[in-house]
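Each chain is listed here by its residues.
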Amino acid sequence: MKSFFIGNIEVKIPIIQGGMGVGISLSGLASAVANAGGVGVISCAGLGLLYPKAKGGYADKCIAGLREEIRKAREKTKGVIGVNIMVALSNYADMVRTSIREKIDVIFAGAGLPLDLPSYLVSDSKTKLVPIVSSSRAAKVICTKWSSNYGYLPDAIVVEGPKAGGHLGFKKEQLSDNSYALEALIPDVVSVAESYKKEKHIPVIAAGGISTGEDISRFIQLGASAVQMGSIFVTTEECDASRTFKEVYINSTPDDIQIIESPVGMPGRAINGEFIKRVKEGLTKPLSCPFHCIKTCDYTKSPYCIIKALYNAAKGNMGKGYAFAGTNAFLAKKISSVKEVIDALKADFSLATQKRI
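Quick notes on the rules
- Residues numbered from 1 in each chain as written.
- Predicted model: local features only at pLDDT ≥ 70, side-chain atom pairs only at ≥ 80, totals over all residues.
- Heavy atoms only, no water.
- Phe/Tyr/Trp six-rings, centres within 6.5 Å; stacked < 30°, edge-to-face > 60°.
- Buried < 20%, exposed > 50% of the residue type's maximum accessible area, 1.4 Å probe, protein only.
- Lys NZ or Arg CZ within 6 Å of the ring centre and 35° of its normal.
- Core = buried A, V, L, I, M, F, W, Y, C linked by side-chain atoms within 4.5 Å.
- Helix = DSSP H or I, 4+ residues; strand = E, 2+ residues; numbered from the N terminus.
- Contact = heavy atoms within 4.5 Å.
- Salt bridge = Lys/Arg side-chain N within 4 Å of Asp/Glu carboxyl O.
- Pairing = 2+ DSSP bridges.
- Right-handed = clockwise from strand over helix to strand, strands pointing away.

## Some remarks on the packing of aromatic side chains
- If you walk through the whole model with that rule in mind, you get six aromatic pairs.
- Between Tyr 322 and Phe 324, the ring centres sit 5.4 Å apart and the planes meet at 75°, which makes this aromatic pair edge-to-face.
- Relative accessible area serves as the criterion here: at 13%, Phe 324 is assigned to the buried category.
- Put simply, the rings of Phe 275, Tyr 322 and Phe 324 pair up and form one aromatic cluster.
- Here Lys 200 stacks its cationic end above the ring of Tyr 152, 4.3 Å away from the centre of that ring.

Here is the structure:
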């Protein structure tokens, strides 16, 4: 596997660990992936729930939690650390400002178009900015807006296809349409990135349903510089989720992985379980909302509180939550170390690449 650059930051292996909330990818997992040569990513979603003793209200607790997670990661690694910030978060701006103040290496921003992301940079900022998109059109819009409004182009672009876990940037009927498959999206986004090559090199990162070294080799052949992988790191010793959460992955079958309707108005991919069944029966209606965590969520019309559901699941209370997961999450068979996972990916990649020669 060859290294690649995000701006002037060299990433030793072309693997970005996907940001998974609530509480799945924190400083523990992120630092382990960074130590292995990839980009470790802390998810900003729901951090206020994880730091209940911090001062102030939920928004203040989120800021304190993010600051603490970044600092804890820095104590454990000298590698590349990023944060994943959903544009749909009500505290999106706070999370971006905090990340830049803490001198995070990379901000990955998706679940909406981060059209104003460069506006948060200050004169001495070294943080790299990477939007997450689901189409070449979105990539072009972001490049055009950033260039014209801020004189800035993305330091990389993540293209997340319909096989990803969690919230998906597609309509339900598009998920099984081959014209929206990641294999179809990557060349188009690479073309957008290359149209700016005189101004800046913009590497394209493939994401969604990638689970083997052969997958990595295939997408690099299609023009990607790297891949983003989430589910494969859930069943690692260093993952910040509870063992119960990890065992849901290990015990899952292909039929368990389903498309659900999220309260935030997007389809999502998750592992079926008791809580999802109760949602379908209308037994999970929230009585109030103390968090207001997602801009588009109206608790009076919502079938359940998504942030509580994801938090409960991460802590192992699967009766009150569920696990988001990529389409190939059922391939997990045991809990391994991050190093073991990456070593296996390297070996598989090498074998697949040799076969292509």
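## Here's the deal with the nonpolar core
- Ranked by internal contacts, the top residues of the largest apolar core, which has 107 residues, are Ile 107 and Tyr 322.
- Sorting elements by how many residues they give to this core places helix α6 (residues 182-194) first, with seven residues.
- Beyond its immediate chain neighbours, meaning those up to four positions away, Tyr 322 contacts Phe 245, Ile 260, Ala 270, Ile 271, Phe 275, Ile 276, Tyr 304, Ile 306, Ala 309, Leu 310 and Ala 313.
- Membership of the second largest hydrophobic core comes to 17 residues, among which are Val 106, Ile 132, Val 158 and Ala 226.

## Observations concerning helix α1 (residues 27-35)
- Extensive coverage of α1 is indicated by the burial of eight of its nine residues.
- Of the positions making up α1, those classed as buried are Ser 27, Gly 28, Leu 29, Ala 30, Ser 31, Ala 32, Val 33 and Ala 34.
- Buried residues along α1 sit against β3 (15-17), β4 (39-43), α3 (58-76), β5 (80-86), α8 (231-234) and α12 (338-356).

## Quick look at the pattern of salt bridges
- This structure, assessed with the given rule, holds twelve salt bridges.
- For Arg 218, the salt bridge is made with Glu 183, and the minimal N-O distance between the two is 2.6 Å. Residue Arg 218 is found in helix α7 (residues 213-221), and its partner Glu 183 is found in helix α6; the two are separated by 35 residues along the sequence.
- We note a salt bridge from Arg 243 to Glu 247, for which the minimum N-O separation is 3.1 Å. Of the two residues, Arg 243 and Glu 247 are both situated in helix α9 (residues 243-250); the distance of four residues between them amounts to about one turn of the helix.
- The class for Glu 247 is partly exposed, based on a relative accessible area of 32%.
- Salt bridges linked by common partners bring Glu 183, Glu 214, Asp 215 and Arg 218 together as one network.

## So, the pairing of strand β12 (residues 257-261)
- With five bridges connecting them, β12 and strand β13 (residues 267-271) associate as antiparallel partners. Each residue of the ladder has a partner; that of Gln 258, found in β13, is Ala 270.
- Once β12 ends, the chain turns through five residues before running back antiparallel as β13, passing Gly 265 with a positive phi of about 90°.

## Description of the pairing of strand β11 (residues 226-229)
- Every second residue of β11 is oriented toward a common face, with Ala 226 and Gln 228 on one face and Val 227 and Met 229 on the other, all of them buried.
- In this structure, β3 lies alongside β11, joined through three bridges in parallel fashion. Note on β11: the bridge partner recorded for Ile 16 is Gln 228.
- As defined by bridge partners, strand β10 (residues 204-207) adjoins β11 across three bridges and the pair is classed as parallel. What sits directly across from Ile 205, in β11, is Ala 226.
- In the classification by handedness, the crossover that spans β10, the intervening α7 and the parallel β11 is right-handed.

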